[in-house]
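# Structural overview for review
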Amino acid sequence: AGQSHNYLLPELVFGEADIIYQSAGQDFHVLPTVWTPVAHGSERVVIDLIKNWFSDLAQGRLLELGCGCGVNTLQLADSFQHVTGVDINRWAVKSAEQNAERPGIENAVFRTGEASHAVRKLVSAGNCFDAVIIHGMRKPFGEKLFGLLNTMKVSGICLISPVIGSWLKDCRYLYDAGWKLTDLVMLDQLPHTSGYLLVGSLRKVVNR
């Protein structure tokens, strides 16, 4: 986002103490061990990019893998008919469910689980999604996950990762599987360091 932000030294937090993260004037409750965006305000840039990239998929169904406390999922809920968030951290899902209780949010659900396992369960239940947001933190997701997504009739994928190598490996697999990179943005999460976030939009190529 190109904007610096100073953070205070972390404090030890015990039990289920509630932390508040603010985004676009809204408070998001975050339990300890739950990830939040590194650079304050960077999530708004990502949300605006997704709304623009997937404007033709508006009012469809959105799946976010690695949803955290629901910062992105819930702010995109008004642009889609239904949104589903998945995170392997049960405290993240608990935070997201609490944040989804705010007025006006009636089309969001959250699930706990590893990405491939959770998607397999969604596929078994007959779920299909128009767009998928995938947050990769360290390792690439690879064929296991993307093979499952191909059975869900997904039209657009937003691939996000702070690890360039992992992002490139997943992007290469998607390319080989018939996807095309249409947009790519690099966000400076930690100014004056190598802390960048790659955010890309991919579309399924028809009749490749």
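Quick look at the structure, then. (Residues numbered from 1 in each chain as written. Predicted model: local features only at pLDDT ≥ 70, side-chain atom pairs only at ≥ 80, totals over all residues. Heavy atoms only, no water.)

### Thoughts on the packing of aromatic side chains
Note the threshold: To pair, rings of Phe, Tyr and Trp, with the six-membered ring standing in for Trp, must have centres within 6.5 Å; the planes then decide the type, stacked if under 30 degrees apart, edge-to-face if over 60, and tilted in the middle. For the purposes of this entry, the term helix denotes a DSSP run of H or I that reaches at least four residues, the term strand denotes a run of E that reaches at least two, and both are numbered from the N terminus. Each residue's exposure class comes from its accessible area (1.4 Å probe, protein chains only) as a fraction of the maximum for that residue type: buried when under 20%, exposed when over 50%, partly exposed otherwise.
Going through the model one piece at a time under the given rule, you end up with one aromatic pair. Here the aromatic rings of phenylalanine 146 and tyrosine 173 are separated by 5.9 Å at their centres, their planes lie at 20 degrees, and the arrangement is stacked. A residue pair is termed long-range when its members are at least 10 positions apart, and phenylalanine 146 in helix H5 (residues 143-149) and tyrosine 173 in helix H6 (residues 164-176) qualify at 27 residues. Judged by its relative accessible area of 2%, phenylalanine 146 falls in the buried class.

### Digging into the nonpolar core
Threshold: Only buried Ala, Val, Leu, Ile, Met, Phe, Trp, Tyr and Cys residues count toward a nonpolar core, and they belong to the same one when joined by side-chain atoms within 4.5 Å. Contacts: residue pairs with any heavy atoms within 4.5 Å of one another.
With 35 residues, the main nonpolar core has Phe54, Phe110, Cys158 and Val199 as its most contacted residues. Those elements giving two or more residues to this core turn out to be strand S2 (26-30), helix H1 (42-53), helix H2 (71-75), helix H3 (90-99), strand S5 (108-112), strand S6 (131-135), strand S7 (156-161) and strand S9 (195-204). The element that contributes the greatest number of residues to this core is H1, accounting for five residues. Excluding residues within four positions of it along the chain, cysteine 158 makes contact with Ile50, Trp53, Phe54, Val132, Ile133, Ile134, Val199 and Gly200. Residues Phe146, Leu149, Met152 and Leu159 belong to the second largest nonpolar core, which totals 24 residues.

### Things to note about the pairing of S7
Which entries qualify depends on this criterion: Any two strands are treated as partners once DSSP identifies two or more bridges connecting them. A right-handed crossover is one whose linking path, passing over the helix from the first strand to the second, runs clockwise when the strands point away from the viewer.
Burial within S7 is extensive, with six of its six residues counted as buried. The alternating pattern of S7 places Gly156, Cys158 and Ile160 and Ile157, Leu159 and Ser161 on opposite faces, both of which are buried. Where S6 meets S7, five bridges bridge the pair, whose relative direction is parallel. Its bridge partner lying in S7, valine 132 is registered against isoleucine 157. As a crossover connection, the stretch from S6 through H5 into S7 is right-handed. With six bridges connecting them, S7 and S9 associate as antiparallel partners. Paired with leucine 159 across the two strands is glycine 200, which belongs to S9.

### Quick look at the layout of surface pockets
Rule in force here: The pocket and cavity definitions rest on a 1 Å grid over protein atoms only: a 1.4 Å probe that fits but cannot leave marks a cavity, an open set with protein on both sides within 12 Å along at least five of seven lines marks a pocket, and residues lining either have an atom within 4 Å of a point. Grid points are joined across faces, edges and corners, and a volume is the space filled by probe spheres set on the points. When residues are sorted by character, Ala, Val, Leu, Ile, Met, Phe, Trp, Tyr, Cys and Pro go into the nonpolar class, Asp, Glu, Lys and Arg into the charged class, and all the rest, Gly among them, into the polar class.
Looking at the largest pocket, its volume works out to about 780 Å³. Taken together, 36 residues make up the lining of the largest pocket; nearest its centre are Leu65, Gly66, Asp87, His135 and Met137. Elements with a contribution of two residues or more to the lining of the largest pocket: H1, strand S3 (61-65), H2, strand S4 (82-87), helix H4 (115-124) and S7. The element best represented in the lining of the largest pocket is H1, accounting for three residues. The class makeup of the residues in the lining of the largest pocket is 18 nonpolar, 13 polar and five charged.

### Comments concerning the pairing of S2
Note that strand S1 (residues 19-23) and S2 share five bridges and pair antiparallel. Along S2, the bridge assignment pairs glutamine 22 with aspartate 27. Here S1 folds back onto S2, and the loop between the two strands holds two residues, one of which, alanine 24, carries a positive phi near 50 degrees.

### A short note on unusual backbone geometry
In this model, alanine 24 sits at a positive phi of 50 degrees, which is unusual for a non-glycine residue. Relative to the helices and strands, alanine 24 is located in the loop between S1 and S2. Residue lysine 153 is not a glycine yet carries a positive backbone phi of 60 degrees. Looking at where lysine 153 falls in the secondary structure, it is placed in the loop between H5 and S7.

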